[in-house]
Amino acid sequence: MRRASFAWTTAVAAVAAIAVTAVPASAGQAGQAGEIGQAGEIGEIGYGTPGTGEILPYPGQEGLIWIPDWIGDGGAVTGGAYAAGPPVTVTVGCRGGSGGAGEVRVTFTPYYGDTTPVEFTVPCPAEAVDRGSAVVTAEQGRSFHVGVKASAPDVHWGLTVTQPDA
């Protein structure tokens, strides 16, 4: 099954679409600036830009999403996990910006199974890359939104969502 190649392309397109079309948000979307609302609604936030490096390496055939380097806020919306397969792992790596260390807040919002968002924070050292991960059920990974909120507009981060072939 070659779902990984298709899902990766879909995820990259979703990131580009979010970055280009989401700003400015209409008054009916999420509340305060910097918040990511329910069901993929995006508040009035200045989404970041693609980086030129590689914070996280290519995840190989297990990859559903790979964003190698993004600067500032962002995220991805996609689906692609094999619902009867193994759990899905969400990993974010980050590095602080010009102001030194920072952090990113990650919110994984599934649209199937238990739809309770999974949240975690990753510290971003100034001179190195730190990583954080969360594991969700395959059912939750069928279709989802991952939002990444950076503590500063120049924090670099990378994202992978992986599921081993069943």
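Cut-off values and rules
- Residues numbered from 1 in each chain as written.
- Predicted model: local features only at pLDDT ≥ 70, side-chain atom pairs only at ≥ 80, totals over all residues.
- Heavy atoms only, no water.
- Pairing = 2+ DSSP bridges.
- Helix = DSSP H or I, 4+ residues; strand = E, 2+ residues; numbered from the N terminus.
- Axes fitted to C-alpha atoms, helices over the stretch in contact; angles between N-to-C directions.
- pLDDT = per-residue confidence, 0-100.
- Contact = heavy atoms within 4.5 Å.
- Salt bridge = Lys/Arg side-chain N within 4 Å of Asp/Glu carboxyl O.
- Buried < 20%, exposed > 50% of the residue type's maximum accessible area, 1.4 Å probe, protein only.

Considerations on the sheet that holds strand β8 (residues 143–150)
Here is step 1: A sheet is described by the order of its strands in space; here 4 strands give the open sequence β3-β8-β5-β6, paired in antiparallel fashion. Only two strands of the sheet have a single neighbouring strand rather than two, namely β3 (74–79) and β6 (118–124). Recorded for the sheet is a direction-independent mean angle of 15° between the axes of neighbouring strands.
Here is step 2: By the bridge criterion, 7 bridges tie strand β5 (residues 102–110) to β6 in an arrangement that is antiparallel. Across the sheet, Thr 107 pairs through a bridge with Glu 119, a residue of β6.

Brief notes about the sheet that holds strand β9 (residues 156–162)
Here is step 1: The 5 strands lie next to each other as β1-β2-β9-β4-β7, forming an open sheet whose pairing is antiparallel. Strands with a single pairing partner mark the edges of an open sheet, and in this sheet they are β1 (49–50) and β7 (130–136).
Here is step 2: Across 2 bridges, β1 lies against strand β2 (residues 63–71) in antiparallel orientation. From the neighbouring strand, Thr 49 faces β2, where its bridge partner is Ile 71.

What about the confidence of the model for the protein chain?
Here is step 1: Mean pLDDT for the protein chain: 77, with 72% of residues reaching 70 or above.
Here is step 2: The model gives residues 1–45 a pLDDT under 50, and that stretch makes 74 contacts with residues more than four places away or in other chains.

What about the pattern of salt bridges?
Between side chains of opposite charge, a pair can form when the charged atoms approach closely.
Here is step 1: With the rule as written, the count across this model stands at 2 salt bridges.
Here is step 2: Measuring nitrogen to oxygen at the nearest pair gives 3.2 Å for the salt bridge that ties Lys 149 to Asp 73. Of this pair, Lys 149 sits in strand β8 while Asp 73 sits in the loop between β2 and β3; the two residues are 76 residues apart in sequence, bridging distant segments of the chain.
Here is step 3: Owing to a relative accessible area of 26%, Lys 149 belongs among the partly exposed residues under this scheme.

Some details on the environment of Cys 124
Here is step 1: Counting through the fold element by element, Cys 124 comes out in strand β6.
Here is step 2: Residue Cys 124 is classed as buried on the basis of its relative accessible area of 1%.
Here is step 3: Setting aside residues up to four positions removed in sequence, Cys 124 forms contacts with Cys 94, Arg 95, Gly 96, Ala 101, Gly 102, Glu 103, Val 104 and Val 155.

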